[in-house]
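Working through the structure, step by step
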Amino acid sequence: MGWSVANCRDPRVRQQLMGERVFGLRWMARARIDVVNDISTDRIPVRVERVAVIATDICRFDLRRIDGEPLPNWRAGAHIDVHIAPGLVRQYSLCGDANGSECYSIAVKREESSRGGSAALHANIRAGADLEISRPRNLFPLEVGGKERVLLVAAGIGITPIITMARELARSGRRFALLYFVRNRDACAFREEISSPPLRESAEILHENTPERVRAILEARLNGSVGYDRIYTCGPGGFMSCVREVAVGSGIKEDFVRSESFGAIARKEEAPSKAFHLRLARAGVDLCVPEGSTAVDVLRAAGISIETSCEQGVCGTCVTKVLEGVPDHRDSFLTDAEKRRNDCIALCVSRACSEKLVIDL
Ligand code: FES
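Attention here is on the structure that accompanies the text. (Residues numbered from 1 in each chain as written. Predicted model: local features only at pLDDT ≥ 70, side-chain atom pairs only at ≥ 80, totals over all residues. Heavy atoms only, no water.)

**Looking at the overall build of the protein chain**
On a plain count of helices and strands, the protein chain comes out with eight helices and 18 strands. A total of 361 residues make up the protein chain; the buried ones form 50% of that total. Long-range contacts, defined as pairs at least 24 residues apart, comprise 70% of the intrachain contacts of the protein chain with a sequence gap of at least 6. When the accessible surface of the protein chain is split by element, carbon and sulfur atoms take 48% of a total near 16,900 Å². (Helix = DSSP H or I, 4+ residues; strand = E, 2+ residues; numbered from the N terminus. Buried < 20%, exposed > 50% of the residue type's maximum accessible area, 1.4 Å probe, protein only. Contact = heavy atoms within 4.5 Å. Areas by Shrake-Rupley, 256 points an atom, 1.4 Å probe, with all protein chains shown as cover.)

Structure, rendered in structure tokens:
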């Protein structure tokens, strides 16, 4: 679509993005305290029951537990980690029916810029293949109060968490609208479902792919006669920035525009990774993180489990409070302002500028 992640024109929207990320960070930090020491090894062996092409370059993989037991329950917006091969873990939104516990479905688009995840799934994983997955986690939960009206806005493969929200809203009889921007008819995933009852009444598939046209459509909708209270959006970064700008400009409360990012990550150019000293304040443990290893590697090697998900500095799951020292931030989760405060660190990728870091573990 030609969206640029840095293409956010409205400073209020940047501020909002920062606010949401801080909220997410706090939420996850609380969650992490509950699960530390038990989650990273919590994998579920599954078998690929079926692989179906559902749009150009998009396959749906249906997964069932190998032991025949039911899978954990989940709600709209949840994702799972998929262990595709040793050392190759990727996160995918669950896109099947949240009411069924027999089978999970994920839809994966083969990305040209794939770092191995989508390309490996498309090339190597067929029906009958065995994989391991995590329990579902939900960093993008659907929260709707009272008579609030919800607008769901998806672009491309960003439809995967959004379709589960549409189903849940339709099932509960809530008022909502779904706008799905997609290049053309062949690239449209879930086309039949979206074009049939009960979603048809609330959904619109738009074959528009320029930022100007998308902005114009959103402005017309959000400044039109129907008022929306909350927006959930998923798609490329520049697309979501556009949705935020238009939504906030139309008067929707900043906290009520929620988004989930996906796709390839622009990695910060690797600086030399010198060794540093890591002190765990609560555990009273001192460790050395050598050149070439991450803090997460060293913590695990020392028998200290820490929850992670992307292990690429994107999701914020491993972010931990810094009590002393200066981190060398290499993640793309924390905002610039958060990085300047130097009071937290994404342990999966970031390092230290100071010789020692004291963290709240
Ligand atoms: S595990 Fe995702 S940011 Fe560290």
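**Remarks on unusual backbone geometry**
Following Pro197, the chain continues to Pro198 via a peptide bond in cis, the omega torsion being 5°. Within the element layout of this structure, Pro198 appears in the loop between helix H4 (191-194) and strand S9 (203-206). A positive phi angle is found at Phe190, which is not glycine, with a value near 60°. For Phe190, the location among the structural elements is in the loop between strand S8 (176-181) and H4. Its relative accessible area of 12% is what places Phe190 among the buried residues. The phi angle at Asn342 is positive, at roughly 55°, despite the residue not being glycine. You can see Asn342 is positioned in the loop between helix H8 (336-341) and strand S16 (344-346). A residue is classified by how much of its surface remains accessible, and Asn342, at 23% relative accessible area, is partly exposed.

**A closer look at the packing of aromatic side chains**
Overall, the coordinates contain two aromatic pairs when judged by the stated rule. Each ring, one from Phe140 and one from Tyr232, has its centre 5.9 Å from the other, and the planes form 65°; the classification is edge-to-face. Of this pair, Phe140 sits in the loop between strand S6 (130-134) and strand S7 (150-155) while Tyr232 sits in strand S10 (residues 230-234), placing them 92 residues apart in sequence. Since its relative accessible area comes to 2%, Phe140 is described here as buried. Where Phe181 meets Phe239, the ring centres are 5.7 Å apart and the plane angle is 65°; that geometry is what we call edge-to-face. In this pair, Phe181 sits in strand S8 while Phe239 sits in helix H6 (residues 237-249), placing the two residues 58 residues apart along the sequence. Of the two residues examined, Phe181 and Phe239, each falls in the buried class. (Phe/Tyr/Trp six-rings, centres within 6.5 Å; stacked < 30°, edge-to-face > 60°.)

**Observations concerning the pattern of salt bridges**
In total, this model carries 23 salt bridges according to the counting rule given. The residue Arg43 makes a salt bridge to Glu132 at a minimum N-O spacing of 2.9 Å. A residue pair is termed long-range when its members are at least 10 positions apart, and Arg43 in strand S1 (residues 43-55) and Glu132 in strand S6 qualify at 89 residues. The class of Arg43 is partly exposed, set by a relative accessible area of 39%. Of the charged contacts, one joins Arg215 and Glu245 as a salt bridge, the two residues approaching to 3.0 Å between their closest N and O atoms. (Salt bridge = Lys/Arg side-chain N within 4 Å of Asp/Glu carboxyl O.)

**Details of the side chain of Arg149**
Along the chain, the position of Arg149 falls in the loop between S6 and S7. Among all residues touching Arg149, those that are not within four sequence positions of it are Arg175, Val226, Gly227, Tyr228, Asp229 and Arg230.

**Some words on the sheet that holds strand S12 (residues 276-280)**
With mixed pairing, the five strands of this open sheet are ordered in space as S13-S12-S18-S14-S16. In this open sheet, the two edge strands, each paired with only one partner strand, are strand S13 (285-289) and S16. Across the sheet, the mean angle separating the axes of adjacent strands is 40° when strand polarity is ignored. Where strand S14 (residues 319-324) lies against strand S18 (residues 356-359), two bridges are found, and the strand directions are antiparallel. Looking across to S18, one finds that Glu324 is bridged to Val358. (Pairing = 2+ DSSP bridges. Axes fitted to C-alpha atoms, helices over the stretch in contact; angles between N-to-C directions.)

**Overview of helix H3 (residues 159-171)**
Its 13 residues place the ends of H3 18 Å apart at the C-alpha level, agreeing with the 18 Å of an ideal helix rising 1.5 Å per residue. The set of residues buried in H3 consists of Ile159, Thr160, Pro161, Ile162, Ile163, Thr164, Met165, Ala166, Arg167, Glu168 and Leu169. Immediately downstream of H3, the backbone of Gly173 shows phi near 75°, a positive value. (Expected span 1.5 Å × (residues − 1).)

**Focus on the pairing of S1**
By the bridge criterion, five bridges tie S1 to S6 in an arrangement that is antiparallel. Opposite Pro45, over in S6, you have Glu132 as the bridge partner. As defined by bridge partners, S1 adjoins strand S2 (residues 58-65) across eight bridges and the pair is classed as antiparallel. Counted as the bridge partner of Arg50 is Asp62 from S2. In sequence, S1 turns back onto S2 through a hairpin of two residues, with Asp57 there showing a positive phi of about 65°.

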